[in-house]
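Summary of the model geometry
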There are 2 protein chains.
Amino acid sequence: MGKDIRAFWTEDLFSALRVTPGFTLAHVETGSTPGFNGRKKDSAAAGAEGAVILSHLQEMLFANSKCGDNRKVLLVLQAMDTAGKGGIVRHVVGAVDPQGISHFAFKAPTRAELRHDFLWRIRKRLPEAGMIGVFDRSHYEDVLIARVHELVPAAEIEKRYDLINKFEQELVDDDTTVIKVMLQISSAEQKSRLAERLDRPDKYWKYHTVDVDERARWSGYQEAYQVALERTSTAAAPWFVVPADRKWYARLAVQHLLTNALNSMVLSWPAAEFDIPAEKLRLAATT
Amino acid sequence: MGKDIRAFWTEDLFSALRVTPGFTLAHVETGSTPGFNGRKKDSAAAGAEGAVILSHLQEMLFANSKCGDNRKVLLVLQAMDTAGKGGIVRHVVGAVDPQGISHFAFKAPTRAELRHDFLWRIRKRLPEAGMIGVFDRSHYEDVLIARVHELVPAAEIEKRYDLINKFEQELVDDDTTVIKVMLQISSAEQKSRLAERLDRPDKYWKYHTVDVDERARWSGYQEAYQVALERTSTAAAPWFVVPADRKWYARLAVQHLLTNALNSMVLSWPAAEFDIPAEKLRLAATT
C-alpha cells in the first residue's frame, strides 16, 4: 500500500474543518489546505490510497446491512455554483462501488413537491441500510436560495432551521451518520471557473445565464450560509466547511471526512450466519 | 492514450455475442474470450482505456439531456449466482461518473409489489433522460425463477414473454437504448466460486444456504434462460450472452458492449444555448 495514508494528514480534519460556535465563514481561506501534509503533486497518491481504504470500509458497511445492521451514511454537499460538488461525486464517490451508493441531485422543487412540506421530497431519497447516500444540494436550499430570494416569509425560514435539526436528529436516531459539507470558494475563483465554461465547448452545458445573475447575490448567499451553518451544525449532524479553490484538496478532504466517518463505525466483516463445515459438505455433494 | 482500443478487439462484439435465431445457450464456451485479441495480462490496459472512452461518452449523453435530449441507456444484467454481476457493476459501471448512473438491484418482490403486475416495480426504476440505468436482475426473474419454481401457472409465464417484448419496445420508443446481458458461467465454475465464499470471512456475507439448493436446479435454470433468450432477443432490445468463467473477459466485454451502444448514438457536445460573447461581457462586468 506504499506510504501510510495517515502520513499525509497532520491534524484531525474532523476538528480542523468542523463548524463550531464562533465560526465565521468569511474567515475561511478558500485557497488553504488545512491538515494536508503535502502538495498537489502528492494528491494523486493520497487520493488513490484513500480510495482503497474508503472502498474497503464501504464494502463492510454494505455487507453488514445484509446481516441486519441498520447503519448508513448520508453525505450532504452544498456550495456556491462551480465550487466542485460534481467533482467530489465523480472522483470521491466514484471510487466506491456503485452498488453501495445512493446519489441524488436535488433541483428546484416541482409544483407537486411544493404542495408538501420542504422535507417531504428529501425523506424519499434517504439512503437505506448499508448505503452511502449522497445529496448534491439538499433541504438546505430551503434556507439558502429560499432566504436570498425571499421565496417564503422570514418567519418560515426561521422555523426551518429547527425543523432541519429535528429531522437530522431523527436520521441519526435511525443509525445514520450524517456528514454535511460546504465547499467554500472565493468569488474570484467562481468568476474564473465560469469563464472557463464559456471558453470550452465541452463545458457549455454546465453554464446557465442565471449563474451570472446569482453572482450579484454573492454576499446574500454567504450570509445565508453563515446563518445556516451556525444554526444547524449540531453535535449529531455537524457541518464541515472545506476550502475549495484547490479542487485536489477539496476532494482529498471530503474523502478523508467520509473515511473518518466510516472508521468511527468500527466496522468488521459480519460473521457467517450458517454452519460453515456443514455447508462445505453440502456444496461438495453437488454435481 | 497508448494502444488504440480497437486493436484489442478482432471482431464486432455486438455480432459475436448477440442472441439470434438458432442460438443455443448450452453451446456457449464459458471459458472462451470471443473477439478479444489479448490475454489476461492485457486486460488491465484495455479496461483502463475503455473506461476513459466510456466515461467520455457517458458525459456527453448526460450533457445532452440537460439540453432537452431524451435519450438514455438501460443495461440489464442477468446471470446464475456468482457469475459476476456485482463485479461488472463495480468495475465497469464504477468507472463512470455516479451522477450519470441509476443502479438498482431487484430482490424478490415484496407483498406490496406482488399486488401489481410484474412490470410495475420495474417501471418505477427506469433511467431518466441522460442516464445509464443498470438493472442487477430485472423483470426477467419473472420468467426465470418464476418458471423454475413454478411460482405462477405456465400459461402466465407464456404471456409474459410477449408482455416483456412489448414493454421493451415502449422503452425503445421512448429513446432508450436497451442492452441485455446474460453472464454465462459453467456449473463447475459456480461450485468453485461458492467454495471460495465459504473459505473467506470477507465473503461469508455473499453466501446463502439457498445457493446450494438452487444448484440442484441448474438445468432448469439453463432451460428457462434458453427460452427467455429465444423469445425476447429482439432487434429493438437484443440479448448478449457473455462467457463469464474469466471475470476479466466478462468485464471487458460488457464495457465494450456499453461503449458500442453509446457510440451508436453519435453523441457530441451540445451547442451553447446562450450568446457566448454577450455572456463573457456580462461575466467580466461582475465584481
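The preceding data block contains the structure.
Focus on the overall build of chain A
Helix and strand counts for chain A come out as 12 helices and 5 strands. For the C-alpha atoms alone, the extent of chain A along its principal axes is close to 70 × 50 × 40 Å. Out of the 287 residues belonging to chain A, those deemed buried represent 52%. Residue pairs in contact within chain A that sit at least 24 positions apart in sequence constitute 83% of those at least 6 positions apart. Surface summary for chain A: the accessible area is close to 12900 Å², and the carbon and sulfur share equals 52%. Averaging the positions of the 38 positive and the 38 negative side-chain charges in chain A gives two centres separated by 4 Å.

Topic: the relation of the copies chain B and chain A
Placing chain B over chain A gives an RMSD of 0.0 Å and needs a rotation angle of 180 degrees, together with 0.0 Å of translation along the axis. Both chain copies can therefore be described as sitting about a two-fold axis. Comparing interface residues between copies, 100% of those in chain B also sit at the interface in chain A, which points to an isologous, same-surface contact.

Remarks on the pattern of salt bridges
Once their charged atoms are close, side chains differing in charge can pair, the charge on each being opposite to the other. Counted according to the given criterion, the structure contains 44 salt bridges over all chains. Close ionic contact of A:Glu214 with A:Arg217 constitutes a salt bridge, the shortest N to O distance being 3.7 Å. For B:Arg200, the salt bridge is made with B:Asp202, and the minimal N-O distance between the two is 2.8 Å. Several salt bridges converge on common partners, so that one network encompasses A:Glu59, A:Asp97 and B:Arg90.

A short note on the interface of chain B and chain A
Quite often, the size of an interface is put as the accessible area lost when its parts meet. Opposite the 46 residues of chain B that make contact, chain A presents 46 residues. The junction of chain B with chain A conceals about 4200 Å² of combined surface from both sides, 62% of it contributed by carbon and sulfur atoms. Looking only at chain B, the three residues that lose the most surface to chain A are B:Arg90, B:Trp205 and B:Leu283, adding up to 18% of its buried area. One can count 8 salt bridges joining chain B with chain A. When the shortest N-O distance is used, the salt bridge between A:Asp97 and B:Arg90 registers 3.9 Å. Joining chain B to chain A, the criterion identifies 22 residue pairs in polar contact (both at pLDDT 80 or more).

Notes on the sheet that holds strand β5 (residues 239-243) of chain B
All names here are of chain B. Taking strand neighbours across the sheet as the criterion, the 5 strands line up as β2-β3-β1-β4-β5 in an open arrangement whose pairing is parallel. Each edge of the sheet is formed by a strand with only one pairing partner; in this case those strands are β2 (101-105) and β5. Taking each pair of neighbouring strands and ignoring which way they run, the sheet shows an average axis angle of 20 degrees. Across 5 bridges, strand β4 (residues 176-184) lies against β5 in parallel orientation. Each residue of the ladder has a partner; that of Gln184, found in β5, is Pro243.

A look at the packing of aromatic side chains
Where two aromatic rings form a pair, the distance of their centres and the angle of their planes describe that pair. On inspection of all chains with the given rule, the structure shows 24 aromatic pairs over all chains. Residues A:Trp248 and A:Tyr249 carry aromatic rings whose centres are separated by 6.4 Å and whose planes lie at 90 degrees to one another, so their mutual orientation is edge-to-face. For the pair formed by A:Trp248 and A:Tyr249, the shared burial category is buried. Here the aromatic rings of B:Trp9 and B:Tyr249 are separated by 6.5 Å at their centres, their planes lie at 50 degrees, and the arrangement is tilted.

Structural notes on the sheet that holds strand β4 (residues 176-184) of chain A
Residues and elements named next belong to chain A. Read across the open sheet, the 5 strands follow the order β2-β3-β1-β4-β5; overall the sheet is parallel. Where the open sheet ends on each side, the last strands, each with one partner, are β2 (101-105) and β5 (239-243). In this sheet, neighbouring strand axes are inclined to one another by 20 degrees on average, regardless of whether the strands run parallel or antiparallel. For β2 and strand β3 (residues 132-136), the ladder comprises 5 bridges, and the chain directions are parallel. When the sheet's bridge partners are listed, Ile101 is paired in β3 with Ile132. Sheet strands touched by helix α7 (residues 154-173): β1 (72-79) and β4. Its angle to β4, the strand with the most contacts, is close to 135 degrees.

Considerations on the pairing of β5(A)
Extensive coverage of β5(A) is indicated by the burial of 5 of its 5 residues. Burial along β5(A) is two-sided: A:Trp239, A:Val241 and A:Pro243 and A:Phe240 and A:Val242, pointing in opposite directions, are all buried.

Regarding helix α7 (residues 154-173) of chain B
Residues and elements named next belong to chain B. With 20 residues, α7 should cover 28 Å at 1.5 Å per step; its first-to-last C-alpha distance of 29 Å lies within 8% of that length. Within α7, burial applies to Ile157, Arg160, Tyr161, Ile164, Asn165, Phe167, Glu168 and Leu171. For α7, the elements touching its buried residues are β1 (72-79), α5 (120-123), α6 (145-148), β4 and α10 (218-232). Immediately downstream of α7, the backbone of Asp175 shows phi near 70 degrees, a positive value.

Analysis parameters
- Residues numbered from 1 in each chain as written.
- Chains lettered and ligands numbered in written order.
- Predicted model: local features only at pLDDT ≥ 70, side-chain atom pairs only at ≥ 80, totals over all residues.
- Heavy atoms only, no water.
- Helix = DSSP H or I, 4+ residues; strand = E, 2+ residues; numbered from the N terminus.
- Buried < 20%, exposed > 50% of the residue type's maximum accessible area, 1.4 Å probe, protein only.
- Contact = heavy atoms within 4.5 Å.
- Areas by Shrake-Rupley, 256 points an atom, 1.4 Å probe, with all protein chains shown as cover.
- Lys, Arg positive; Asp, Glu negative; His and termini not counted.
- Charge placed at Lys NZ, Arg CZ, Asp CG, Glu CD.
- Least-squares fit on C-alpha atoms with pLDDT ≥ 70 in both.
- Salt bridge = Lys/Arg side-chain N within 4 Å of Asp/Glu carboxyl O.
- Buried area = accessible area lost by both parts, 1.4 Å probe.
- Polar contact = N/O pair within 3.5 Å; in protein donor to acceptor, adjacent residues only side chain to side chain.
- Pairing = 2+ DSSP bridges.
- Axes fitted to C-alpha atoms, helices over the stretch in contact; angles between N-to-C directions.
- Phe/Tyr/Trp six-rings, centres within 6.5 Å; stacked < 30°, edge-to-face > 60°.
- Expected span 1.5 Å × (residues − 1).

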